[in-house]
Amino acid sequence: MSETNPAAAEVAAPHRYTAVVAGEIEARWQDFWDAEGTYAAPNPSGDLAGDAELAAKPKKFIMDMFPYPSGTGLHVGHPLGYIATDVFARYQRMTGHNVLHTLGFDAFGLPAEQHAVATGEHPRVTTEAAINNMRSQLRRLGLGHDKRRSFATIDPDYYKWTQWIFLQIFNSWYDGEANKARPIAELIAQFESGERAVPGGGSWSALSAAERADVLGDHRLAYASDAPVNWCPGLGTVLANEEVTADGRSERGNFPVFKAKLRQWNMRITAYADRLLDDLNELDWPEAIKLQQRNWIGRSEGARVDFPIDGERITVFTTRPDTLFGATYMVLAPEHPLVDKFTPDAWPEGTHDVWTGGHATPADAVTAYRAQATSKSDVERQAEAKDKTGVFIGSYATNPVNGERIPVFIADYVLMGYGTGAIMAVPAGDQRDFEFARAFELPIRCVVEPTDGRGTDTSIWEDAFGSYDAKVVNSAGEGVSLDGLGVVEAKARITEWLERTGIGEGTVNFRLRDWLFSRQRYWGEPFPIVYDEDGAAHALPESMLPLELPEVEDYSPRTFEPDDADTQPETPLSRNADWVNVTLDLGDGRGPRPYRRETNTMPNWAGSCWYELRYLDPHNSEKLVDPQIEQYWMGPREGQPHGGVDLYVGGAEHAVLHLLYARFWSKVLFDLGHVSSAEPFHRLFNQGMIQAFVYRDSRGFAVPATEVEERDGAYYYQGEKVSRLLGKMGKSLKNAVTPESICEEYGADTLRLYEMAMGPLDVSRPWDTRAVVGQFRLLQRLWRNVVDEASGEVTVVDAEPAEDTLRALHKAIEGVRQDLEGMRFNTAIAKVTELNNHLTKVGGPVSRPVAEALVLLVAPLAPHIAEELWRKLGHGDSVVHQDFPVADPAYVVDEAVTCVVQIKGKVKARLEVSPAISEAELEKVALADEKVVAALAGAAIRKVIVRAPKLVNIVT
Ligand code: ANZ
């Protein structure tokens, strides 16, 4: 029968598994699952309690990084991870687990907002349409989600709790001694009782309300501050560092970005730096992701050192206090608050020409240099390859170890936001300082003896020498000498000296910055914060949550002249006077008063910081999550000391921000006693990407991939030759393939199998539509092994399976089990294929136990066909909660293999042994063999070389 002529095939085999049959089966089972609530995972209590037997089983919480509901819908690359978690979740259900698997939507986002700006259509409308579209696309794939638990972050029921968590964070502070967050009321009590000194002395009650608010603001985990931020007038908004390109422009729109001081909400994530670092050790995450988080947090051990200047001091942070004797100048960040103070009216006598930048006075030089520095991003300022710039500010400080006068510069390679914003420059040890010293003709003093043969004469050096594995030289002063010590010892010695003399102290510095939490946007969670007439911030009481977004007429942030750094952002919410200005009774005893609402919104990261918790108890109107339910699904257990989701699958692009923010929120909620898990995601798995060929014409434009023809290894579009390269899949590259098109042609089970068979899940792989049919044929053969294509009758028989079939079956069971457990879906499919091919080759009707086991093996991968065949095999229930087959070990091992026993190189015996025999066991068996004993004839054995299971060589 020709497979290329479906019409003919249908006449001869009306019950063949075709795309039409697949489509019909799939739709029917999807309806069945919905109607039966097949994937409902019962909670131990509450409104989602159910099936007590299921709830008594061990739990598995399996989660995907939830999608942003894009208006363009899904292409076949998107569901790779969703299919993988679905297969895994199904396997876990069949091996005795109560499995929670669902999917929500991360639905606040810029695309919908920009569409709203352009069209005036409410972003909710487009977002909800996109969600509905995606829901139906996902449903078509047969994903076993507990739909009762799904939500979108834009639902007021959901963001009520995002706001509530914000208030928890706002109303808490980090107690460094207890090393945890505590309610702010406890800090106030400490100030009131005098247990904690009030900054600036005096008593707490003597402070005005505004002063108290300021003091508390210095401790709150969510606080407003006038932080230097990336202000992008062209977009009318502030941007996160990650949204700014290396050349200081907005990633979106390519507008210039300026550093501006704006009052913004921040999250004190830095308080958690150590715990975020330490707890990584206990997580089952890819090492590469852990490393990225460690680097992002960037813990550096070093020292703070005070450099005297005009009766005051400048404090620097250094990781190399051992090089203090090599500090020949200092650099402050251009924004450093002490710069103006130490900028005198005139250049001191004998100022080197290259230090002044050609300016008449130090103040001119500083002003000009600052103007230039504000137009650059931090990334750009730190870029290694660029020329070092800066100016002398006209003052000298004193190096505390040797009393030397050293000039003070400002330069943009020193960042205000790191360390103390000031450095001691050691040109011999630090490459940036080296380049700067060369450009400004500053002394370079060797203080660590080079180990690479370049010698100590720095005038011929081409770069700095920064090794830790060397000896300190030229470092003897009045009070302390480091000469001859190794770097590590020298660091310890000098730090001890700094502390003893009060000049400095050992300290730990982090690269991690507090998280800028305000956005000048409409489409985000409003802050549950109002300001009174004095400008003090007040939390809304819980009873006023959710604070819903108002309807507005204009969604756009106001944009300004892109080059005008001096403008201030104007948020869409601020134009809404009725919403902004309100009279409220906050229940704080002050009665009804006029307030002004915060008009920024939260960043898009907020909603994804805690969504795993809401899946657990999505309808709870009293609590974020019921503690008992949280404990059941997320609580700490053996091997998971901080608790967390059992498996979280998503792309490696979320290595830092999302995963770090979510960990931070988890820890705050944990500290405050709202949850028992201090980590959100115990195990993380990054899936690879599905790539696709991009075809480009001679001008470099992508052409529609489906219309490209291949001839003799070359590619043509409308007769013109085009190039082919592997790239991303997407609408813009004209190579997107929709899941619907594949479902239409083959069915969802085939699509699922194909995506899982393409390669190991963590590896990127190229999509090839032509190869999909291979998996379709596998399902057709599976079907044929159970169903007669002509009559539609089930062909299985109740006979004992043949020995070789039993072996093939149990090996497949054992292998598939291990593969599914280890998320090696591609090799699991290979094993199913092998078994299926075995049955086809043997021919004749398949015996019932074999057919049933095969169907169960396939069920996690291709659930619809498995349900259908299971039903045809006479079962009234669903495959979803059947027990996954267990291999009989007797059939798993191969039959015996022949082992040759040699004595002095000559074959003396052949033994039939198990292929799994151990070396020791094989040696015993060989030496006990009759023929071997006879051949040895009592000779002394010098050595026995065993290569299990095939060879034993005895040397006498
Ligand atoms: C002297 C020195 C000598 C340094 C030497 C390095 C090597 P990490 O490891 O990343 O923490 N630094 C300190 N604050 C800075 C700032 N705000 N902007 C730019 N650079 C800053 O780097 C710490 C080192 O970076 C510090 O140690 C300081 O230079 C510099 F052979 O001090 B070091």
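Quick notes on the rules
- Residues numbered from 1 in each chain as written.
- Predicted model: local features only at pLDDT ≥ 70, side-chain atom pairs only at ≥ 80, totals over all residues.
- Heavy atoms only, no water.
- Helix = DSSP H or I, 4+ residues; strand = E, 2+ residues; numbered from the N terminus.
- Buried < 20%, exposed > 50% of the residue type's maximum accessible area, 1.4 Å probe, protein only.
- Polar contact = N/O pair within 3.5 Å; in protein donor to acceptor, adjacent residues only side chain to side chain.
- Contact = heavy atoms within 4.5 Å.
- Near = heavy atom within 4 Å.
- Nonpolar A, V, L, I, M, F, W, Y, C, P; charged D, E, K, R; others polar.
- Core = buried A, V, L, I, M, F, W, Y, C linked by side-chain atoms within 4.5 Å.
- Axes fitted to C-alpha atoms, helices over the stretch in contact; angles between N-to-C directions.
- Parallel < 35°, antiparallel > 145°, perpendicular 65-115°, else oblique.
- Left-handed = near helix turned anticlockwise from the far one by under 90°.
- Pairing = 2+ DSSP bridges.
- Phe/Tyr/Trp six-rings, centres within 6.5 Å; stacked < 30°, edge-to-face > 60°.

Enquirer: Residues and numbers for the side chain of His538, please.
Expert: Position of His538 relative to the elements: it lies in strand 17 (residues 537–539). Looking at His538, the relative accessible area reads 15%, which means it is buried. Reaching out from His538, the side chain makes a polar contact with the side chain of Asp532 at a distance of 2.8 Å. Ignoring sequence-local partners within four residues, the contact set of His538 consists of Pro528, Ile529, Val530, Asp532, Leu586, Asp588, Arg590 and Tyr595.

Enquirer: With reference to specific residues and values, describe the site of the ligand.
Expert: Ser300, Thr318, Leu415, Tyr418 and Arg511 are the nearest of the 19 residues found near the ligand. In the environment of the ligand, an oxygen atom lies 2.6 Å from a nitrogen or oxygen atom belonging to the side chain of Ser300. Within the side chain of Arg432, a nitrogen or oxygen atom sits 3.2 Å from an oxygen atom of the ligand. Of all the secondary-structure elements, those providing two or more residues to the shell around the ligand are strand 9 (312–318) and strand 13 (422–425). Here the shell around the ligand is composed, by residue class, of eight nonpolar, seven polar and four charged.

Enquirer: Which residues make up the nonpolar core, and what values go with them?
Expert: As a rule of thumb, nonpolar side chains are buried together in soluble globular proteins. Counting residues in hydrophobic clusters, the biggest one holds 179 residues, and the most contacted among them are Phe166, Phe517, Trp665 and Trp767. Dropping the residues within four chain positions of it, Trp767 is found in contact with Val76, Ile690, Gln691, Met729, Val737, Ile742, Leu751, Tyr754, Glu755, Met758 and Val772. Counting residues in hydrophobic clusters, the runner-up holds 65 residues, among them Ile309, Tyr329, Ala428 and Leu482.

Enquirer: Which residues make up the packing of helix 24 (residues 803–821) against helix 26 (residues 848–858), and what are the values?
Expert: Interhelical geometry of helix 24 versus helix 26 gives an angle of 20° and a closest axis separation of 11 Å. The orientation of helix 24 relative to helix 26 falls into the category roughly parallel. Crossing of helix 24 over helix 26 shows left-handed handedness. When helix 24 is examined against helix 26, the residues Thr805, Leu809, Ala812, Ile813 and Val816 are found in contact with a partner set consisting of Val850, Ala853 and Leu857. When the residues that make up the contact of helix 24 with helix 26 are grouped by side-chain class, the tally is seven nonpolar, one polar and no charged.

Enquirer: Outline the environment of Phe527, listing residues and values.
Expert: When you line up the elements, Phe527 lands in the loop between strand 15 (515–516) and strand 16 (529–531). The spacing of Phe527 and Arg597 is 70 residues in sequence and 8.2 Å in space, taken between C-alpha atoms. Aside from chain neighbours lying at most four places away, what touches Phe527 is Phe166, Trp265, Phe517, Ser518, Leu547, Glu598, Asn600, Thr601 and Met602.

Enquirer: Describe helix 22 (residues 748–757), naming the residues involved and giving the relevant values.
Expert: With nine of 10 residues buried, helix 22 lies mostly within the body of the structure. What helix 22 keeps buried is the set Ala748, Asp749, Thr750, Leu751, Arg752, Leu753, Tyr754, Glu755 and Met756.

Enquirer: An account of unusual backbone geometry is requested, with residue identities and associated values reported.
Expert: That bond from Leu545 to Pro546 is cis: its omega, -5°, falls within 30 degrees of zero. Its place among the elements puts Pro546 in the loop between strand 17 and helix 17 (577–580). Across the junction of Ala948 and Pro949, the peptide omega takes the value -5°, indicating a cis bond. Examined against the element boundaries, Pro949 turns out to sit in the loop between strand 30 (943–947) and strand 31 (951–955). Although it is not a glycine, Asn179 adopts a positive phi angle of roughly 55°. Tracing the backbone shows Asn179 in the loop between strand 3 (172–175) and strand 4 (180–183). Within the chain, Asp310 stands out as a residue other than glycine whose phi angle is a positive 45°. On the secondary structure map, Asp310 appears in the loop between strand 8 (299–309) and strand 9.

Enquirer: Requested: an account of the pairing of strand 8, with residues and values cited.
Expert: Pairing between strand 8 and strand 14 (residues 504–510): seven bridges, direction antiparallel. Its bridge partner lying in strand 14, Gly302 is registered against Thr507. Judged from the seven bridges that link them, strand 8 and strand 9 form a sheet pairing that is antiparallel. Directly across from Arg304, in strand 9, lies its bridge partner Phe317.

Enquirer: Which residues make up the environment of Arg220, and what values go with them?
Expert: Position of Arg220 relative to the elements: it lies in the loop between helix 9 (209–217) and strand 5 (222–232). The spacing of Arg220 and Arg268 is 48 residues in sequence and 7.7 Å in space, taken between C-alpha atoms. Beyond its immediate chain neighbours, meaning those up to four positions away, Arg220 contacts Phe170, Asn171, Ser172, Ile184 and Arg268.

Enquirer: Give a detailed account of the sheet that holds strand 8, specifying residues and quantitative values.
Expert: Spatially, 9-8-14 is the arrangement adopted by the three strands of the open sheet, whose pairing is antiparallel. Across the chains shown, the open sheet's two edge strands, defined by having one partner strand only, are strand 9 and strand 14. Neighbour-to-neighbour, the strand axes of this sheet turn through a mean angle of 35°, independent of strand direction. Seen against the sheet, helix 16 (residues 487–501) touches strand 8 and strand 14 and runs at an angle of roughly 115° to strand 14.

Enquirer: So what about the packing of aromatic side chains? Which residues, and what values?
Expert: All chains considered together, the criterion is met by 49 aromatic pairs. Taking 4.7 Å as the distance between ring centres and 70° as the angle between the ring planes, the aromatic pair formed by Tyr174 and Tyr272 counts as edge-to-face. With a gap of 98 residues between them, Tyr174 in strand 3 and Tyr272 in the loop between strand 7 (258–267) and helix 10 (273–278) connect regions that are remote in the sequence. Each member of the pair, Tyr174 as well as Tyr272, carries the same accessibility label: buried.

Enquirer: How would you summarise the side chain of Ser150 if you had to cite specific residues and measurements?
Expert: Mapped onto the secondary structure, Ser150 falls in the loop between helix 6 (123–139) and helix 7 (156–170). Here the side chain of Ser150 touches Leu103 through a polar contact of 2.6 Å, landing on its backbone oxygen. When near neighbours in sequence (up to four residues on either side) are disregarded, Ser150 contacts Thr102, Leu103, Gly104, Phe105 and Arg135.

These figures capture arrangement, not role.
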